[in-house]
Each structure stands twice: as structure tokens, then as C-alpha cells.
Amino acid sequence: QQQQQQQQQQQQHKPGLAVSKPPEPLQGVHAESHNNVPSEAGKYSLAEGGCAAPFIQPPCDLFKVLEYDLSKWRDKSVKQGQVMSKLARENWKVFLVGALGDHVYAAFPSTHPTSRLDIVDDSLGLLLRLREHSDVDVEMAMGWGDTPYVPRNSVNHRCGHGDNFVFSTGSHPYFCDVSLPSGTRPSASILEDTVPYEAKINQAFWRGSVWPSRRCGPWQESPRVLMAKASALGSTAINASFCARDCKEPKEPADLCRWVRQQKPGCVPFEEQLKYRFLPTSAPSCAYTGRLQVFIQTNSIVSKFTKPAELDSQPMYGGLQDNVHLVLLKPKTWEGQLKQLQKSPESLAQIPRNAKAYSRWALSQDVRDCYFLKLLSGYLQKLAYSPARDGTLAQLLQQRRSRKSQRQVHSDILNRDITVEIVHFNGEEFQLYSLAATSTGGASRLETAVQRQCARAMAAKPVDMVYHVDQQKWGRRS
């Protein structure tokens, strides 16, 4: 984390690279929505606003995140080796996966701590789903952290030769990373909130850690610091505090740690959050908020900070719209916005209903399969080589492998035994995980699989209810 932080601080001084404060105007990023600003009469406008993913414009659609990601890269621009580069060898969160023939694979340099079998489970499980739909051969570098890996020189820079193609868990306008579909982790399981909206406490609630308050910008402007300060000063809009006072230097600056140690810690069970009507998120500008995927399934209203905070997005954010599925909070006026919202909570009851219906659809297996298949179809157009013939994984599999080095580990998630073996390639030792993935008989060409699976997914998409300002009531989107 310290290495990544140092790299980000160095990048902030590179010409044209914006991390902490993006240049204005920011092309490709929607203008600030006026809907979250109280009117002169003091009333909050419920007109449809901007998208939760700040780099796309309404109509909000999660597949626009996929289109945006792929537009960062030129066709036929990824050479052999760019998907298993020095970056992957130095960062344990990046590793090589692939589906070749009748097996799926995950390969880690042996220097990486691969004790987290859940990471292997998630990646191999995703490729097993691919084999159920298509027999296409592919290799990919995956990153399972919440940190963007490959910076772009500017928001208009087209990634290509010299850049590393990494599939991450989020998409960012200033990074070349391409996002995997939301919900590919086990944490995407459906959440049941038993507290009705009407019974919730009419206040916002936040608990969390100090880190990463100073990441990507001054800690004084961090949403989590702003919320904790407001609550400590007696704000009626929010109940917020840090869970603990474990501020560690030099990870965090000394002046921040001095202030944090004066605060009263307030750890609570997860269920305590569900008693409140507003659940804010507080990620810095260079990372997505992992809580949103969980909170959007509750009966509470998600209050997501918008730019310049939280520029990174998971694909499901692309279909979330201000005043339809959540509310977007501006870092400079967020407390006033919450107070206005809390004056008439009955008029907002439809927002969490829309959010819950959308989240169930966006995190469904059909939508995830559709997204992943479309993603692979576009990704293969960016490759300048054949993964099955010239790929790094194919070359690794050609190396001599000793049966003595083989062992079996059981995956509870996949309910399968995974073969693990040691392979030496280009002077480096790899741990290779593999699973048989024979077709169930329904596999087809990738293009056919995309059409079939996406038609099925779109047929189940729920219809949002929106607020019609002229009629002053909620109704179906016209």
C-alpha cells in the first residue's frame, strides 16, 4: 500500500495526469447535477439527476461502463506479454488467468502470497461460467484489489502499446483498467434488510476507518473526515465516527492522527447501520466504494458522494441515477442536502424500492454472464495475438511440469478439487491452479453466446419509477 501511495503521489506531479484534482472541464464526465442543490424556496428537487458513475451521462446504463472501458483502448493494440508484465510480478493483487481448451487456469508468481483461495475461486469460477456459454480461448491479467493500476496521461489518452491491460474491480476515467462485472465476488450475495423504510431513524449513519483519508488528496477534504467532524460538532443530519483510533503514521499524516486520537471511537455491528434511513459512502477520488453494492440492496437511501470524490465506479453504478436509485452528495454542500432530504422523507420512499429492484437485477447471474461475455468479445478485439497459440499462459503450459510438485486443494465455493503445481518459466517460479472445464453441450461461438445471454438478461430488467415534477408524483418513466 505504501508503494502504491508513493506511486500515486509521484503521478500527481506528472504533466497531464490528474488524480487528486481533475482539470475542468472534464470531457466525457457529465456536468454537475443541479437536482441536489436546494432551491431558493428551500425545497429539494426530485427531478432525475446524473449517473452514479461520473464518467457517463443519462440515460444511465451499466453497459455504458463496459463501452467506456473498451473505448480507452485501441483495437489490436495489446501485444503478447502486456497481460503478464512486470506490474503483475510486483503486485500480488494482479495475476494471470485463462481458459484454454478443456481447462481453466490461474497463475501466480510463487513470490505472491496465494493463501487467499477465495481469489482463485472467484477467477476460476468466472471462467467456468464462460465455458458453459462459449469455447473461446482467452488469457487475462486480473486485479482483485480496489486500487487502479495503470494510469492514463489524460482522460483523452488512448491506452495501447506500453500500457498493461488489467481487469480490475472498478473503472476510472484516469486509469487504463477495465472493470469486471459487479458481483463476481462471494460478497455479492443478496442482503435481506428487515427494517422497513418507514421505521428507520430519520438520520444518516456512517462508521469506518481513517484510511484512506489522505489518499488522492488532502485529508481535510475526505468525505469520511467531513462526516466525522460534522457529527462531533453536533450535526442533526448525521451520526458518524471512526470505528477505532488506529491512525498509523506515516500511512496517515501526523496532524490527522493527532485529531483522530482525540475522537471517541464508535464501532457497531453491521445491523446497526440498517436502522438508519440514509447510508452515505465515502471513497476517495481514486477508488470505488465497496459499500455501495451492499447498501443499495437495503431499505435505506444510499447517499453517495460525487466528484471530486468517488470517481472510480463498478459497472453496476452505471445504471444508478440520482433521485431514482440513490442521492448524490456534493462534498461542499452535503450536510445541507441531507437536512433538506430529512424534512420530507415520505416523498423519498420510492428511491430504495427502485434501488433494491435494480440491484437484484444487476447482480443476477444472467446480467453478470451477459456483461462478462460482451466484455471478452470486446477485449479479444484489442489483442494483437492469439492467446491459444502465442499467449503467456500457453507458453507457460508448454514447460516441463513434475507430477511430484502436484497437489490438490478443495474449493468450498466451487465444490471442486483444484490442482496446484509448480511451473518454471522465463527464470521465474509460478504456482499454477487448474480445473477441468469441459463443455456441457451448450457452448457456442462467442458472438452467439452474447446475443442469447444478453437477450435473456435484458428481458428481466425492471422498470424504474421516477418523480414527475410537473405532476408532483411518482410514476413509470415515460
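Just so we're clear, the structure is a prediction, and the values are computed from it rather than from any experiment.

Thresholds applied
- Residues numbered from 1 in each chain as written.
- Predicted model: local features only at pLDDT ≥ 70, side-chain atom pairs only at ≥ 80, totals over all residues.
- Heavy atoms only, no water.
- Axes fitted to C-alpha atoms, helices over the stretch in contact; angles between N-to-C directions.
- Helix = DSSP H or I, 4+ residues; strand = E, 2+ residues; numbered from the N terminus.
- Parallel < 35°, antiparallel > 145°, perpendicular 65-115°, else oblique.
- Left-handed = near helix turned anticlockwise from the far one by under 90°.
- Contact = heavy atoms within 4.5 Å.
- Buried < 20%, exposed > 50% of the residue type's maximum accessible area, 1.4 Å probe, protein only.
- Expected span 1.5 Å × (residues − 1).
- Arc of directions from axis to C-beta.
- Disulfide = S-S within 2.5 Å.
- pLDDT = per-residue confidence, 0-100.
- Pairing = 2+ DSSP bridges.
- Salt bridge = Lys/Arg side-chain N within 4 Å of Asp/Glu carboxyl O.
- Phe/Tyr/Trp six-rings, centres within 6.5 Å; stacked < 30°, edge-to-face > 60°.
- Lys NZ or Arg CZ within 6 Å of the ring centre and 35° of its normal.

Two elements in contact, helix H11 (residues 365-382) and helix H14 (residues 446-459), have axes whose closest approach is 8 Å; the angle formed by their N-to-C orientations is 150°. Considered as vectors, H11 and H14 are oriented roughly antiparallel to each other. Judged by the twist between their axes, the crossing of H11 over H14 is left-handed. The residues of H14 that touch H11, namely those facing Asp366, Val367, Asp369, Cys370, Leu373, Lys374, Leu376, Ser377 and Leu380, are Leu446, Ala449, Val450, Gln453, Cys454, Arg456 and Ala457.

The next point concerns helix H2 (residues 63-71). Those residues of H2 lying buried are Phe63, Val65, Leu66, Tyr68, Asp69 and Leu70. The secondary structure elements touched by the buried residues of H2 are strand S5 (178-179), helix H10 (350-362), H11 and H14.

Quick look at H14 now. Because each turn of an α-helix spans 3.6 residues, side chains separated by three or four positions end up pointing in the same direction. Under the 1.5 Å per step criterion, the end-to-end length of H14 is 20 Å for 14 residues, consistent within 8% with the ideal 20 Å. Looking only at H14, the buried set comprises Leu446, Ala449, Val450, Gln453, Cys454 and Ala457. The arc that holds every buried residue of H14, seen down its axis, measures 110°, which confines them to one face. Among the exposed residues of H14, those pointing more than 90 degrees away from its buried face are Gln451, Arg456 and Ala459. Buried residues along H14 sit against helix H4 (117-133), H10 and H11.

Looking along the chain, the bond that leaves proline 58 and enters proline 59 is cis, with omega of 5°. Tracing the backbone shows proline 59 in the loop between helix H1 (2-11) and H2. Unlike most non-glycine residues, asparagine 323 shows phi in positive territory, near 70°. With respect to the element layout, asparagine 323 can be found in the loop between strand S9 (301-305) and strand S10 (327-329). Residue asparagine 415 is not a glycine yet carries a positive backbone phi of 55°. Structurally, asparagine 415 can be placed in the loop between strand S11 (407-411) and strand S12 (416-425).

In this section: the state of the cysteines. Applying the stated criterion to the full structure yields 5 disulfides. Between the sulfur atoms of cysteine 51 and its disulfide partner cysteine 60 the distance amounts to 2.1 Å. Taking the sign of the S-S torsion, -95° for the link of cysteine 51 and cysteine 60, the bridge is left-handed. Look at cysteine 51 and you get buried, because its relative accessible area is 1%. Here cysteine 370 is linked by a disulfide to cysteine 454, with a sulfur-sulfur distance of 2.0 Å.

Across the protein, the average pLDDT comes to 84, with 85% of residues at or above 70. Highest mean pLDDT in the protein belongs to strand S8 (residues 276-281) (97); lowest belongs to H1 (42). Scored below 50 in pLDDT, residues 1-42 shows 79 contacts in the model against residues more than four places distant or in partner chains.

This part is about the pairing of strand S15 (residues 473-476). Two faces belong to every sheet, and in a regular strand the side chains alternate between them. Bridge count between strand S14 (residues 465-468) and S15: 4 bridges; the pairing is antiparallel. If you follow tyrosine 467 over to S15, its bridge partner there is tryptophan 474. Following S14, the chain reverses through 4 residues before pairing antiparallel with S15; glutamine 472 in that reversal takes a positive phi of roughly 55°.

Under the defined criterion, the tally for this structure stands at 16 salt bridges. We note a salt bridge from lysine 72 to aspartate 69, for which the minimum N-O separation is 3.3 Å. In this structure, lysine 72 and aspartate 69 share a single accessibility class: buried. Of the charged contacts in the structure, one is a salt bridge between lysine 304 and glutamate 310, with a shortest N-O distance of 3.4 Å. In this structure lysine 304 comes out as buried when scored by relative accessible area, which is 1%. A network of salt bridges, in which partner residues are shared, links Glu48, Asp464 and Arg477.

Attention now goes to the packing of aromatic side chains. Taken as a whole and judged by the stated rule, the model has 16 aromatic pairs. Seen from their ring centres, phenylalanine 55 and tyrosine 68 are 4.5 Å apart, and the 20° between their planes marks the pair as stacked. You can see phenylalanine 55 sitting in the loop between H1 and H2 and its partner tyrosine 68 sitting in helix H2, a full 13 residues away along the chain. Using a relative accessible area of 3% as the deciding quantity, one classes phenylalanine 55 as buried. Assessed through its relative accessible area of 14%, tyrosine 68 is described here as buried. Across from the ring centre of tyrosine 197, 4.9 Å away, lies the NZ or CZ of arginine 277, which sits over that ring. Geometry around phenylalanine 63 places lysine 374 over its ring, the cationic atom sitting 4.8 Å from the centre.

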